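Coordinate analysis (summary)
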Amino acid sequence: MNSTRPARRGFYFAATRGFLIFAVAVACLAPQGLSQQRKAQPAKRRSKAQAQKKAPAIAPDVRAALDRISADSLRGHLSFIASDLLEGRNTPSRGLDIAAEYIAAQFRRAGLEPAGDAKGESYFQTSEWVVGPVNNNFVELSVDDGKQKIRARPEQLAALGVKVEQKTETAGSSEKQVVKLRNVVGLLRGSDPVLKDSYVIVSAHYDHIGVRPAGEGDRINNGANDDGSGTVSVIELASALASLKQRPKRSIVFCAWFGEEKGLQGSRYYGRHPIFPLEKTVAMVNLEHMGRTDDSEGQKLDSATLTGFDFTDLGPIFKAAGEKTGVNVYKHEKNSDAFFGRSDNQALADQGVPAHTLCVAFIFPDYHNVGDHWEKVDYANLAKVNRMVALSLVTIADSAEAPKWNEANPKTERYVKAWKQLHGK
Ligand SMILES: [Zn+2]
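Note that the structure is predicted; figures quoted are calculated from it, not measured. Think of each chain on its own: its residues are numbered from 1, step by step along the sequence as written. In keeping with the model being predicted, local features are shown solely for residues with a pLDDT of at least 70 and side-chain atom pairs are shown and tallied solely at 80 or more, while totals for entire chains, interfaces and linings include all residues. No hydrogens and no water enter the side-chain calculation; it runs on all heavy atoms of the structure.

**Remarks on the overall build of the chain**
What counts is decided by this rule: Helix and strand assignments come from DSSP, with helices taken as H or I runs of at least 4 residues and strands as E runs of at least 2, each series counted from the N terminus. Here, Shrake-Rupley sampling with a 1.4 Å probe gives the accessible areas, and only protein chains in the shown set may cover a residue.
On a plain count of helices and strands, the chain comes out with 13 helices and 13 strands. Surface accessibility of the chain: about 20,400 Å² in total, with carbon and sulfur atoms responsible for 55%.

**Focus on the coordination of the zinc ion**
Put simply, the rule reads: Distances define the donors: N, O and S atoms within 2.8 Å of the metal qualify, as do those within 3.2 Å of Na, K or Ca. Water is excluded, so some sites may look unfinished. Angle rules define the geometry names used: all angles between 85 and 135 degrees makes four donors tetrahedral, while opposite donors over 155 degrees apart and all other angles between 65 and 115 make four donors square planar and six octahedral, leaving every other case irregular.
The protein atoms that coordinate the zinc ion are His205 (NE2), Asp226 (OD), Glu288 (OE) and Glu288 (OE), at distances spanning 1.9 to 2.7 Å. For the zinc ion, the four donor atoms in the first shell make angles of 51 to 146° at the metal, a pattern classed as irregular. Spacing between the donor residues of the zinc ion along the chain follows H-x20-D-x61-E. Here aspartate 226 is found in helix 7 (residues 224-241), whereas its partner glutamate 288 is found in strand 8 (residues 281-288), with 62 residues between them in sequence.

**Let's talk about the pattern of salt bridges**
Stated precisely, the cut-off is as follows: When a carboxyl oxygen of Asp or Glu is within 4 Å of a side-chain nitrogen of Lys or Arg, the pair counts as a salt bridge. With a 1.4 Å probe rolled over the protein chains alone, any residue whose accessible area is under 20% of its type maximum counts as buried; one over 50% counts as exposed, and the rest are partly exposed.
Scanning the model with the defined rule gives 20 salt bridges in all. Ionic pairing is found between aspartate 366 and arginine 292, a salt bridge with its closest N-O pair at 2.9 Å. Residue aspartate 366 is found in the loop between strand 13 (355-359) and helix 12 (379-398), and its partner arginine 292 is found in the loop between strand 8 and strand 9 (294-295); the two are separated by 74 residues along the sequence. On the basis of relative accessibility, which here comes to 13%, the residue aspartate 366 falls in the buried class. The exposure class assigned to arginine 292 is buried, which follows from its relative accessible area of 2%. Aspartate 302 is the partner of lysine 384 in a salt bridge, and the nearest nitrogen-oxygen pair spans 3.3 Å. Linking lysine 384 in helix 12 with aspartate 302 in the loop between strand 10 (298-299) and strand 11 (303-306), this pair joins segments that are 82 residues apart in sequence. For lysine 384, a relative accessible area of 26% puts it in the partly exposed group. Each of Arg292, Asp294, Asp366 and Lys376 takes part in salt bridges that share partners, so that together they form one network.

**A short note on a negative patch on the surface**
Applied cut-off: Like-charged residues are merged into a patch within 9 Å and nonpolar side chains (Val, Leu, Ile, Met, Phe, Trp, Tyr) within 5 Å, provided each residue has over 30% relative accessible area and no salt bridge. Charge assignment: positive for Lys and Arg, negative for Asp and Glu; neither His nor the chain ends contribute. The atom standing in for a charge is NZ when the residue is Lys, CZ when it is Arg, CG when it is Asp and CD when it is Glu.
On the surface, a cluster of negative charge is made up of Asp84, Glu87, Asp218 and Glu375. Residue placement: aspartate 84 occurs in the loop between helix 3 (71-81) and helix 4 (94-110). Taking relative accessible area as the criterion, aspartate 84 reaches 47% and is therefore assigned partly exposed.

**Focus: the packing of helix 4 against helix 7**
Put simply, the test is: Helix axes use the C-alpha atoms of the stretch in contact, all axes being lines fitted to C-alpha atoms, and the angles between their N-to-C directions lie in the range 0 to 180 degrees. Any angle that falls under 35 degrees is termed roughly parallel, while one over 145 is termed roughly antiparallel, one within 65 to 115 roughly perpendicular, and all others oblique. In a left-handed crossing the near helix is turned counterclockwise from the far helix by less than a right angle, and in a right-handed crossing that turn is clockwise. Residue contacts are counted whenever heavy atoms from the two residues lie within 4.5 Å of one another. Gly falls in the polar group here, along with every residue not listed as nonpolar (Ala, Val, Leu, Ile, Met, Phe, Trp, Tyr, Cys, Pro) or charged (Asp, Glu, Lys, Arg).
Across the interface, helix 4 lies against helix 7 with an axial gap of 8 Å and an inter-helix angle of 15°. Taken together, the axis directions place helix 4 and helix 7 in an arrangement best described as roughly parallel. With respect to the hand of their crossing, helix 4 and helix 7 are arranged in right-handed fashion. Of the residues in helix 7, those touching helix 4 at Tyr102, Ile103, Gln106, Phe107, Arg109 and Ala110 are Thr231, Val234, Ile235, Ala238 and Ser239. Considered class by class, the residues forming the contact of helix 4 with helix 7 number seven nonpolar, three polar and one charged.

**Let's talk about the packing of helix 2 (residues 60-67) against helix 12**
Here helix 2 crosses helix 12 at 145°, and the two axes come no closer than 9 Å. Crossing angle aside, the handedness with which helix 2 passes helix 12 is right-handed. Here Val62, Arg63 and Leu66 of helix 2 come into contact with helix 12, specifically with Arg387, Ala390, Leu391 and Val394.

**Section: the side chain of lysine 300**
Worth spelling out the cut-off: Throughout this description, a polar contact denotes any pair of N or O atoms lying within 3.5 Å of each other; where both atoms belong to protein, one of them has to be capable of donating a hydrogen while the other can accept it, and for residues adjacent in sequence the pair is counted only when both atoms sit in side chains.
Among the structural elements, lysine 300 can be located in the loop between strand 10 and strand 11. Among the residues examined, lysine 300 registers a relative accessible area of 12% and is labelled buried. Among the polar contacts made by the side chain of lysine 300, one reaches the side chain of glutamate 297 at a distance of 2.9 Å. Filtering out sequence-adjacent residues up to four positions away, lysine 300 remains in contact with Thr293, Asp295, Tyr330, His332, Val360 and Asn381.

Take a look at the structure:
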């Protein structure tokens, strides 16, 4: 069915004739063009091969660690984390708590040092949120005398065995109730006697938006790509990098945050209660939407991008790692800066730490929807992108040069100011 109305038939005829002339011209020229290209090919291939030959190859030990990153392992982890059993891991919820235990168990399996409560006996950094009265169908949870607040539905808390009170004169007189929310934190201690006391954070948020309050059929927002894909990437990176015979010089801190969907709550809590000194935290690499390649603006295979791409000097490190692992790391002209504040990197950037979020697809069809299922993730691509991330992390952690904010970019002014404050400059 062509959309052209009869009146336009004349135009169509003209177009076809024009096209024919064009086709003939191309046909005449093509062989030349093609031969030039073919002639060019060997040169292009030669320069690419020379470039790869020139670029120091990946050290065998690091290569072995990258090869441990497997699509099957990622699928295995995500099929649990994003299963209906965890009911979309709302903050707070039982599903969230089960996911936290699972992540801690995987950090334990990888041999990371516990870096949470009780001077590092636990992998959990626990925060205690005071339960307020019900107000307009919501309950306010607050921590540190209201420095951070989260809104939850009464039934959400009831499911956790928390008795919620209606807002009345006497509300709050009864015994204070708290809800515990946990970041999960594990450490891969560095090998250099000095640089090991500096830290590179790799993180993701393990929460999502839970169950739809009403509606027919499937009501569970499983959050496989948002951000189950980032969470299982952190688990898989921990297992791979912990297998290195030669540990990176700096220490790497593996973090899974709660409450991102409720306003970056877990990462903000860490920013105010850092387990490792922020002034010694040289970078944060946050992972989001790593698994789906069907971005709303088209297929995104073998590629990844950083938010705030040129806010710091980290971009080229990821690009170089991408060249060695077959992943095109690029700046997304429209979304790079616009999405800088849309995830947990923002919380550490506000403290002055050079921080970015890395993602494969910014927006995908099932974003914040019940259809965000683990079966729709491209695990081969996820594994490939994670090998690029792993190589980037090793490069950052082995470099004596700490990453820097790009002061020439006016958009970094507030972060540069925070960095100077953090470093007493
Ligand atoms: Zn997310």
